[in-house]
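Remarks on the overall topology
Chain by chain, the residues:
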Amino acid sequence: MRLGRAARITLGAVTALILVVIYLPLLVVLANSFSTSTSLSWPPPGFTLEWWGRAFQSAGALDAVGTSVAVAVVATAVALVLGTLISLALQRFAFFGRDAISLLVVLPIALPGIITGIALNNFFRTILGVPLSIWTVVIAHATFCIVTVFNNVIARLRRLGVNLEEASADLGAGVWTTFRLVTFPQLRSALLAGGLLAFALSFDEIIVTTFTAGSGVTTLPIFILNNMFRPNQAPIVAVIAVVLVVVSIVPIYLAQRLSGSEQTRR
Amino acid sequence: MTSAHTTRRAPALPRASAARRGSAFLTAHPRVRLGLLLAAPLFWLVVVYIVALVLLLVTAFWTVDSFTGEIRIDWTLDNIVTVLTGALYQTVTLRTVGVAAAVTVIDVLLALPIAFFMAKVAGPRLQRILVIAVLMPLWASYLVKAYAWRSVLSQDGILEWLLAPLGLHTPGYGLTATIITLSYLWLPYVILPIYAGLERVPDSLLEASSDLGGRTWRTMRSVVLPLAFPAIVAGTIFSFSLSLGDYITVNIVGGASQMLGNLVYTNVGAANNLPLAAAIALIPIVIIFGYLALVRRTGALDNL
């Protein structure tokens, strides 16, 4: 687009400013993780590596990371299967109630977490009489993760069209063979992108988790919430946050590479 | 990718195996195929989610035995009446909707320039870097980010330190802090759909507009905004509904000004009154359904 020089510079400056605001709190967290002050005073009074050492020896923190990864992996796997099925149904067929179903998929993320949380809590404990455990968390997480897979896959299916699938059927491939050899390979990167989002969503979820986790189940957000206001634990929480942001570069970069290599440039 | 597969595997000869017959049956009966595709996900969403939700909402019409604290199935409209007429609930509802609206407006105003820069001005390399830069904070825990703002906004925090020389002060904890923190938390969720929407606006249309004499602002107003509108609305669904139900951020930076989520939380926990909590929960549900119904015609739901 032919933007004036002034307009380009203004837009660039605004973008840079917003990025500064986005990263400022994260930099404060980074600083706090090295600060000798356990309260949040600024500027930090001194430098220490104590919290970094303690964070990597904190059994509670490491356990919580393990629990969160386990929950997120299973919830993502369920969401991948259900999300793919539902997007194939909605994209490849026209039928009565299609809009209702697409609303149904969006609903668990559109309604506030606390509502989903107390609804599931009430459902598991009072109605079904099932004690809360790690599985109730997985079920809850999978429910609101379906939408991220659904969005990615249905967008891909819409773009792919049905020509290749029809060609495959014309050449004698059955329904399953066509899915395995034609549809699935083309969906792979959309599944990866949707799966990554689902994983991130589950990994960071706190509200629904609060209401669906059994008493012994400590996911990372629950651990953080329990320790955030304790003076001697708060800097450890800061360390965990810094590690998470740094580690997250890898999956984001991968997802970008994948979608970038397939996208048609504008 | 696909061509490698097809050249490696010659089409299998039709064999009259069971799998083959099943496949032929499915090809001939699309309705069965649809049913098989939908069975599992619909079962999950309806049984786990809709049933749970409906059962919660039904609870709003029940009552709690004030003596034993157990839920009694006495059909009553008392909870609904309390929520609709109580001054506390009206105040908090207005405050919550106000906060959610303010957060949404702030986020859209911030997201538009950065999304436009990412989609239409930045080169491919810078574009990729910017997408990563916007996505990365999403992986820092929600709680840590809210806590970071608690630290930024505190009386001896970095904001006070930065503003004091200018004669200004940090807003401290309260409604303003809640709005700032929520806007911060949901900003990436608003940027991404708007960015994706702007990416889909063909450059040729923008060029056509300027060829026809449209200046930058005219092109923005008459070409870019209408085309990106569904994506913008999709972004607002996130910021609006996420703000409407939040209670944790309010606990961390909100001071004494409660939101609807806090009322629900208190009634589930300390007050042990699930029916009243369910009645309060109806407020955001009705508001969000109203909002979704309002924006459905813009096609925003396809842009989430």
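Fair warning: this is a prediction, and the values are worked out from it, not measured in the lab. (Residues numbered from 1 in each chain as written. Chains lettered and ligands numbered in written order. Predicted model: local features only at pLDDT ≥ 70, side-chain atom pairs only at ≥ 80, totals over all residues.)

**So, the overall build of chain B**
Quick reminder of the rule: Secondary structure counts use DSSP, requiring at least four H or I residues in a row for a helix and at least two E residues in a row for a strand, with both numbered from the N terminus. Put simply, the radius of gyration uses C-alpha atoms, and a globule should come to 2.2 Å times the residue count raised to 0.38. Residue pairs qualify as contacts under a 7 Å threshold applied to their C-beta atoms, which are placed from the backbone.
The secondary structure content of chain B amounts to 14 helices and 2 strands. Against the compact-globule benchmark of 19 Å for 304 residues, chain B has a radius of gyration of 26 Å, which places it well outside the compact range. Pairs at least 24 residues apart make up 71% of the contacts formed inside chain B by residues separated by at least 6 positions.

**Notes on the overall build of chain A**
We count it as follows: Exposure criterion: with C-beta atoms placed from backbone coordinates, a residue whose C-beta has 20 or more other C-beta atoms within 10 Å is buried, one with 12 or fewer is exposed, and one in between is partly exposed.
If you tally the helices and strands in chain A, you get 11 helices and 0 strands. In sequence order, the secondary structure elements of chain A are arranged as α-α-α-α-α-α-α-α-α-α-α. Each principal axis of the C-alpha atoms in chain A carries an extent, and together these give about 70 × 65 × 30 Å. In chain A, which comprises 266 residues, the share counted as buried stands at 46%. Counting only contacts in chain A whose residues sit at least 6 apart along the sequence, the fraction spanning at least 24 positions is 77%.

**Regarding the UniProt feature "transmembrane region" (unreviewed entry) in chain B**
Residue and element names in this part refer to chain B. Put simply, the rule is: UniProt positions are given in the numbering used here, feature names are shortened, and annotations may be inferred rather than shown by experiment.
Here, UniProt's "transmembrane region" (unreviewed entry) annotation points to residues 36-62, 97-117, 129-150, 170-192, 223-244 and 274-294. Secondary structure within residues 36-62 divides into 89% helix and 0% strand; the distance between the first and last C-alpha atoms comes to 38 Å. Taken end to end, residues 170-192 is 78% helix and 0% strand, and its first and last C-alpha atoms sit 30 Å apart.

**Brief notes about the interface of chain B and chain A**
Quick reminder of the rule: As a working rule, the residues Ala, Val, Leu, Ile, Met, Phe, Trp, Tyr, Cys and Pro are called nonpolar, Asp, Glu, Lys and Arg charged, and the rest polar, with Gly in that last group.
Each side of the interface is counted separately: chain B has 88 residues, and chain A has 82 residues. A per-element tally of the side of chain B that touches chain A places helix H3 (residues 30-59) of chain B first, with 17 residues. Of the residues belonging to the side of chain B that touches chain A, the class tally is 63 nonpolar, 14 polar and 11 charged.

**What to know about the environment of Gly290 of chain B**
Examined against the element boundaries, Gly290 of chain B turns out to sit in helix H14 (residues 274-296). Along the chain, Gly290 of chain B and Ile248 of chain B lie 42 residues apart, while their C-alpha atoms are 25 Å from each other.

**Focus: the confidence of the model for chain B**
Residue and element names in this part refer to chain B. Here is the rule we go by: Confidence scores labelled pLDDT are given residue by residue by the predictor and lie between 0 and 100.
Looking at chain B as a whole, its pLDDT mean stands at 85, while 93% of the residues score no less than 70. Highest mean pLDDT in chain B belongs to helix H5 (residues 87-121) (93); lowest belongs to helix H1 (residues 2-8) (47). In the model, residues 1-7 has pLDDT below 50 throughout and makes 7 contacts with residues more than four positions away in sequence or in other chains. Scored as a whole, the predicted complex attains pTM 0.85, and scored at its interfaces, ipTM 0.83.

**Notes on the UniProt feature "transmembrane region" (unreviewed entry) in chain A**
Under the local residue numbering, the UniProt record ascribes the feature "transmembrane region" (unreviewed entry) to residues 12-34, 64-88, 100-120, 132-154, 190-214 and 234-255 of chain A. As annotated, residues 100-120 of chain A has a helix share of 90% and a strand share of 0%, and its two end C-alpha atoms lie 21 Å apart.

**Structural notes on the packing of helix H11 (residues 216-244) of chain B against H14 of chain B**
Residue and element names in this part refer to chain B. Heads up, the condition is: The axes are straight lines fitted to the C-alpha atoms, using for helices just the contacting stretch, and the angles between their N-to-C directions are given from 0 to 180°. Reported orientations rely on four angle classes, namely roughly parallel under 35 degrees, roughly antiparallel over 145, roughly perpendicular from 65 to 115, and oblique for the rest.
Two elements in contact, H11 and H14, have axes separated by 11 Å at closest approach and are oriented at 175 degrees. Judged by the angle between their axes, H11 and H14 are roughly antiparallel. Within the contact between the two elements, H11 uses Val233, Ile237, Phe240, Ser241 and Leu244 and H14 uses Pro284, Ile287, Ile288, Tyr291 and Val295.

**A short note on helix H4 (residues 98-110) of chain A**
We count it as follows: Helix span, expected: 1.5 Å multiplied by one less than the number of residues in the helix. The term bend refers to the angle at a residue between two fitted axes, each drawn through seven residues, those ending there and those starting there.
In this model, H4 of chain A (13 residues) spans 18 Å end to end at C-alpha, consistent with the 18 Å of a helix rising 1.5 Å per residue. Maximal helix bending in H4 of chain A amounts to about 25 degrees, located at Leu104 of chain A; proline Pro108 of chain A follows within four positions. Three or more residues of H4 of chain A are buried, namely Val105, Leu107, Pro108, Ile109 and Ala110 of chain A. Packed against the buried residues of H4 of chain A are helix H3 (59-92), helix H5 (113-128) and helix H6 (134-160) of chain A together with H3, H11 and H14 of chain B.

**Things to note about the UniProt feature "domain: ABC transmembrane type-1" (unreviewed entry) in chain A**
Those places that UniProt annotates as "domain: ABC transmembrane type-1" (unreviewed entry) correspond, in this numbering, to residues 65-255 of chain A. Within the segment residues 65-255 of chain A, helix and strand shares are 83% and 0% respectively, and the terminal C-alpha atoms sit 22 Å apart.

**Quick look at the packing of H3 of chain B against H14 of chain B**
All names here are of chain B. Test applied: In this scheme the crossing of two helices becomes right-handed for a clockwise turn of the near helix relative to the far one and left-handed for an anticlockwise turn of less than a right angle.
At a minimum axis separation of 7 Å, H3 and H14 run at an interaxial angle of 110 degrees. The orientation of H3 with respect to H14, classified from their angle, is roughly perpendicular. The handedness of the crossing between H3 and H14 comes out as left-handed. When H3 is examined against H14, the residues Leu56, Leu57 and Thr59 are found in contact with a partner set consisting of Leu274, Pro275, Ala278 and Leu282. For the contact of H3 with H14, the class distribution of residues is 6 nonpolar, 1 polar and no charged.

**With respect to the environment of Leu88 of chain B**
Residues and elements named next belong to chain B. Looking at the element boundaries, Leu88 is found in helix H5. Since 11 C-beta atoms lie within 10 Å of it, Leu88 is described here as exposed. Through-space distance from the C-alpha of Leu88 to that of Gln258 is 10 Å; in sequence the pair is 170 residues apart.

**Some points on the nonpolar core**
Selection rule: Linking buried Ala, Val, Leu, Ile, Met, Phe, Trp, Tyr and Cys residues through C-beta atoms within 7 Å yields a set, and such a set is a nonpolar core.
Within the largest apolar cluster, 160 residues are counted, with the highest numbers of intra-cluster contacts made by Ala79 and Ile118 of chain A together with Ala115, Ile191, Ile194, Val264 and Ile280 of chain B. Apart from the residues within four sequence positions on either side, Val264 of chain B is in contact with Ile114 and Ile118 of chain A together with Ala277, Ile280 and Ala281 of chain B.

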